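Commentary on secondary and tertiary structure
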Amino acid sequence: MAGNRFPVSIDGRDLELSNLDKLMYPAAGFTKGEVIDYYTRIAPVMLPHLAGRAVTRIRYPNGVDGAHFFEKNKPGGTPSWVRLETLPVPGSTMSRETIDFVVVDDLPTLVWLANLAALELHTPQWRIGEDPDLLVVDLDPGAPAGLTECSAVAVLMRDRLAEDGVAAYPKTSGKKGMQLCCPIAGTQNSEVVSAYAKKVAEELASMVPGSITAKMAKAVRPGKVFIDWSQNAAAKTTVTPYSLRAQEVPTASTPLTWDEVEAVATGAEPPRHYRAADVLERVEEHGDLLEDLLERGPEVPA
């Protein structure tokens, strides 16, 4: 069965699925067929966050225990109906280097990537041809700090951003930390947005130096939450909401409510990461908790 290929038609696009029983998450018994099923079912809420953005994939051809690779350029055998955009690569050592990026605007493209074992999908803070319309901060805990400490910092960051009229929406990274995503105007370049995020991060670090750092040096991170403001640089991407992560079990980057974040921050609820099945159930209950990210927000203070 493992070598079998199955032709399917999705929204008028023909593609072939293969090796559906291959274990992508061996410890959890989670197969490639289940990966494809998850992405198919999560597509209604995930696709709006992918649309119009160049996607970087992390592929695990032999599952999460095997070798993996980052892929930005279109892979060999890309179907003619997949949207491609030729874009410069920010930060490249070759000033004129460009890449043919895949853009995931529809379900057939999402399923095609899932069939290629692209378990993780990462997107930039800007839509193609535009300035950033998202400000993102990554809350990265240094052991023994964890999600509880990240949640407490997330609340502080939310309140500080609100002073400038910037609304923040939380999600788990699907790994050990969290991210806050903030809709902004899309009229300022990444340097301005990154400088603002750095300023706020440094303010909070100076307020609570024992628990927060805004410095990238790993030596200063143990026991603290690193507010990674650099996610807003033009060369950076962030895991897309609802993307699976390559962990022992199929966790996903999961939108949260602020009530949930506050409950974890205060110890009223234990911290947790959510698996694919949990995320699908949450969408049934809440819809897309990050729907407001699809609307433009304010400019950040320059």
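Residues numbered from 1 in each chain as written. Predicted model: local features only at pLDDT ≥ 70, side-chain atom pairs only at ≥ 80, totals over all residues. Heavy atoms only, no water.

The name given to the protein in an unreviewed UniProt entry is Non-homologous end-joining DNA ligase, and the organism recorded there is Paractinoplanes bogorensis.

Moving on: the pattern of salt bridges. Considering all chains together, one arrives at 21 salt bridges under this definition. Arg57 is the partner of Glu71 in a salt bridge, and the nearest nitrogen-oxygen pair spans 3.1 Å. Here Glu71 is found in strand β6 (residues 69–71), whereas its partner Arg57 is found in strand β5 (residues 54–59), with 14 residues between them in sequence. For the pair shown, Glu71 and Arg57 are each scored as buried. Residues Arg296 and Glu130 are paired through a salt bridge, measuring 2.5 Å at the closest nitrogen-oxygen approach. In this pair, Arg296 sits in the segment after α6 (276–286) while Glu130 sits in the loop between β9 (118–123) and β10 (134–141), placing the two residues 166 residues apart along the sequence. Residue class for Arg296 comes out partly exposed when judged on its relative accessible area of 42%. Bridged by salt links that share partners, the residues Arg53, Arg127, Glu130, Asp133 and Arg296 form one connected network. (Salt bridge = Lys/Arg side-chain N within 4 Å of Asp/Glu carboxyl O. Helix = DSSP H or I, 4+ residues; strand = E, 2+ residues; numbered from the N terminus. Buried < 20%, exposed > 50% of the residue type's maximum accessible area, 1.4 Å probe, protein only.)

Attention shifts here to the nonpolar core. Counting residues in each nonpolar core, the largest one holds 74 residues, and the members touching the most others are Val35, Tyr38, Tyr39, Ile42, Leu135, Leu139 and Ile227. Ranked by residue count, the leading element in this core is helix α1 (residues 32–50), at ten residues. In this structure, Leu135 is in contact with Leu180, Cys181, Cys182, Ile184, Val193, Tyr196, Ala197, Asn232 and Val300, ignoring residues within four places of it in sequence. (Core = buried A, V, L, I, M, F, W, Y, C linked by side-chain atoms within 4.5 Å. Contact = heavy atoms within 4.5 Å.)

Let us now look at unusual backbone geometry. The step from Ala143 to Pro144 runs through a cis peptide bond, and the omega angle for that step is 10°. Within the element layout of this structure, Pro144 appears in the loop between β10 and α3 (147–163). Even without being a glycine, Asp11 presents a positive backbone phi close to 50°. Within the fold, Asp11 resides in the loop between β1 (5–10) and β2 (13–18). Owing to a relative accessible area of 62%, Asp11 belongs among the exposed residues under this scheme.

Turning our attention to the packing of aromatic side chains. Throughout the structure, instances matching the rule amount to two aromatic pairs. With 5.7 Å between their ring centres and 80° between their planes, Tyr25 and Phe30 make a pair best called edge-to-face. Since its relative accessible area comes to 0%, Tyr25 is described here as buried. Aromatic side chains Tyr38 and Tyr39 sit 5.3 Å apart centroid to centroid with 65° between the ring planes, which places their arrangement in the edge-to-face category. Its relative accessible area of 1% is what places Tyr38 among the buried residues. On the accessibility criterion, Tyr39 (1% relative accessible area) is buried. It is Arg158 that lies over the ring of Trp258; its NZ or CZ is 4.7 Å from the centre. (Phe/Tyr/Trp six-rings, centres within 6.5 Å; stacked < 30°, edge-to-face > 60°. Lys NZ or Arg CZ within 6 Å of the ring centre and 35° of its normal.)

What follows covers the sheet that holds strand β12 (residues 178–183). Across the sheet, five strands lie side by side as β11-β12-β10-β14-β13; this open sheet has mixed pairing. Lying at the two open borders of the sheet, with one neighbouring strand each, are β11 (169–172) and β13 (212–213). Summarising the sheet, β11 and β12 pair through four bridges and their orientation is antiparallel. Paired with Pro170 across the two strands is Leu180, which belongs to β12. Strands β10, β12, β13 and β14 (225–228) of the sheet are contacted by α3, whose axis makes an angle of about 20° with β12. (Pairing = 2+ DSSP bridges. Axes fitted to C-alpha atoms, helices over the stretch in contact; angles between N-to-C directions.)

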